[in-house]
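Report on the structure
Each chain, letter by letter, is given below.
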Amino acid sequence: TERFDIPTSDKDTRQLYCEDFCSAHSVLPFMKGMSTVENLIDVIKRCSTREDDKEQLFRLIYANKLLENGDFHFKNAALLSEIAPSNDRVLSTVLTPAFDIMNTRYFSLRPRAPEFCEKMTLDFQGTNDYTQKHMLAMGKMLGMGPSTTQDVMYDTAERIATKAFE
């Protein structure tokens, strides 16, 4: 991932502040995997100033599920705020681009059966093994209807597949 938290040129005078979800949700770093998807959703609703960040968070969660990244936790998602230099007022806060995504199935020390999907770090509705029903419930919590949620799921999967075959 390219750095998204530093100015891109000398002419870029923005002041940027990157904050992971642990900090945004007042969770100590060692507790990064002890929170829930519901808390991720709460943070994005409370902090983001960009409406489509709700959909982007959903895409991020679903992409991590599809890629079997069992290491998606509160330190692997972040917010980027632009601060007004004159008065330190927050001008905008947005979800950062995805980072630190990998397939953890093959790096896990625990034995894995190939027929089982990698479990996710963050629980949602009491489980870390998300089904389509869970994804639809996440979409609903983020303000998306069932058909929009399914469209976003299909689009996310298609984008991953397209990139894999480039």
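All of these numbers come straight from a predicted model, not from anything done at the bench. (Residues numbered from 1 in each chain as written. Predicted model: local features only at pLDDT ≥ 70, side-chain atom pairs only at ≥ 80, totals over all residues. Heavy atoms only, no water.)

Time to look at the overall build of the protein. Helix and strand counts for the protein come out as five helices and three strands. Reading the protein from its N end, one meets helices and strands in the order β-α-α-α-β-β-α-α. Scored against the burial criterion, the 166 residues of the protein give a buried share of 39%. Considering only contacts in the protein between residues 6 or more positions apart, those separated by 24 or more positions represent 64%. A total of about 9,800 Å² of accessible surface is found on the protein, and carbon and sulfur atoms cover 54% of it. (Helix = DSSP H or I, 4+ residues; strand = E, 2+ residues; numbered from the N terminus. Buried < 20%, exposed > 50% of the residue type's maximum accessible area, 1.4 Å probe, protein only. Contact = heavy atoms within 4.5 Å. Areas by Shrake-Rupley, 256 points an atom, 1.4 Å probe, with all protein chains shown as cover.)

Within the secondary structure layout, isoleucine 44 lies in helix α2 (residues 37-47). Not counting residues up to four positions away in its chain, the partners in contact with isoleucine 44 are Phe21, Asp53, Lys54, Leu57, Leu79, Leu95 and Leu142.

On to the layout of surface pockets, then. Of the voids in this model, the largest pocket is the one considered here, and its volume is about 300 Å³. Lining the largest pocket are 14 residues, with Gln56, Arg59, Ala63, Ala98 and Thr156 positioned closest to its centre. Elements with a contribution of two residues or more to the lining of the largest pocket: α3 (53-66) and α5 (146-164). Its residues placed into classes, the lining of the largest pocket shows eight nonpolar, three polar and three charged. (1 Å grid on protein atoms, 1.4 Å probe; cavity = no way out; pocket = protein on both sides within 12 Å on 5 of 7 lines; lining within 4 Å. Points joined across faces, edges and corners; volume = space filled by probe spheres on them. Nonpolar A, V, L, I, M, F, W, Y, C, P; charged D, E, K, R; others polar.)

Take the sheet that holds strand β2 (residues 78-83) next. Strand order in this open sheet of three strands is β1-β2-β3, and the pairing throughout is antiparallel. Strands with a single pairing partner mark the edges of an open sheet, and in this sheet they are β1 (15-20) and β3 (90-95). Taken over all neighbouring pairs, the strand axes of this sheet differ in orientation by 20° on average, direction set aside. Pairing geometry for β1 and β2, over six bridges, is antiparallel. Bridging across to β2, aspartate 20 finds its partner in alanine 78. (Pairing = 2+ DSSP bridges. Axes fitted to C-alpha atoms, helices over the stretch in contact; angles between N-to-C directions.)

Our next topic: the packing of α3 against helix α4 (residues 132-141). Taken N-terminus to C-terminus, the directions of α3 and α4 make an angle of 160°; their axes are 10 Å apart at the nearest point. For the element pair α3 / α4, the angle class is roughly antiparallel. For the element pair α3 and α4, the recorded crossing hand is right-handed. On the side of α3, the interface is formed by Phe58, Ile61 and Tyr62, while α4 contributes Met135, Met138 and Gly139. (Parallel < 35°, antiparallel > 145°, perpendicular 65-115°, else oblique. Left-handed = near helix turned anticlockwise from the far one by under 90°.)

Turning our eyes to something else, we now look at the pairing of β2. Counting buried positions along β2 gives five out of six residues, so the element sits mostly inside the fold. In this structure, β2 lies alongside β3, joined through five bridges in antiparallel fashion. When the sheet's bridge partners are listed, leucine 79 is paired in β3 with leucine 95. From the end of β2 to the start of β3, which pair antiparallel, there are six residues, and aspartate 88 there has a positive phi angle of about 60°.

Take it as geometry only, folks, not as evidence of what the structure does.
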